[in-house]
Amino acid sequence: MLRHELQPGKLVAGTVLVVAGVLYAGDAGGAWQTPWFVAIPLVAGGLCLAGAVALLTGLVRRHRRAGRTGADPA
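Scoring rules and cut-offs
- Residues numbered from 1 in each chain as written.
- Predicted model: local features only at pLDDT ≥ 70, side-chain atom pairs only at ≥ 80, totals over all residues.
- Heavy atoms only, no water.
- Helix = DSSP H or I, 4+ residues; strand = E, 2+ residues; numbered from the N terminus.
- Rg over C-alpha atoms; globule rule 2.2 N^0.38 Å.
- Buried < 20%, exposed > 50% of the residue type's maximum accessible area, 1.4 Å probe, protein only.
- Salt bridge = Lys/Arg side-chain N within 4 Å of Asp/Glu carboxyl O.
- Patch = residues over 30% accessible without salt bridge, like charges linked within 9 Å, V, L, I, M, F, W, Y side chains within 5 Å.
- Areas by Shrake-Rupley, 256 points an atom, 1.4 Å probe, with all protein chains shown as cover.

A. Region of interest: the overall build of the chain. Within the chain, the secondary structure is distributed over two helices and zero strands. The C-alpha radius of gyration computed for the chain amounts to 19 Å, which surpasses the reference 11 Å derived for 74 residues by more than 25%, pointing to a less compact arrangement than a globule. With 74 residues in all, the chain has 12% of them scored as buried.

B. Fine view of the environment of L55. The residue L55 is located in helix α2 (residues 39–67) in this model. Exposure remark for L55: the relative accessible area of 56% places this residue in the exposed category. C-alpha of L55 to C-alpha of L23: the two residues are 32 residues apart in sequence and 28 Å apart in space.

C. How the structure looks around the pattern of salt bridges. Under the defined criterion, the tally for this structure stands at one salt bridge. Residue R61 is joined to E5 by a salt bridge in which the shortest nitrogen-to-oxygen separation is 2.9 Å. Of this pair, R61 sits in helix α2 while E5 sits in the segment before α1 (8–29), placing them 56 residues apart in sequence. Residue R61 is classed as partly exposed on the basis of its relative accessible area, which comes to 30%.

D. Here's a closer look at a nonpolar patch on the surface. Taken together, the side chains of V18, V22 and W32 present a nonpolar region at the surface, about 280 Å² in accessible area. Structurally, the position occupied by V22 is in helix α1.

Below is the structure:
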């Protein structure tokens, strides 16, 4: 089975969008009332957070990759 690298930024973005969808699905189903203006800060804040997480992940990976050398010292 092929492995893929973890991308936490996409995980955060997906989680925030699922939460927004669940909020409005509950509103549509009559379980609770969700004001219309809740989606804008939720989605915008979640996408900004996902971007920050992706940037941090990229910096950490670049830092780790720069610390490695191609030759085995032992």
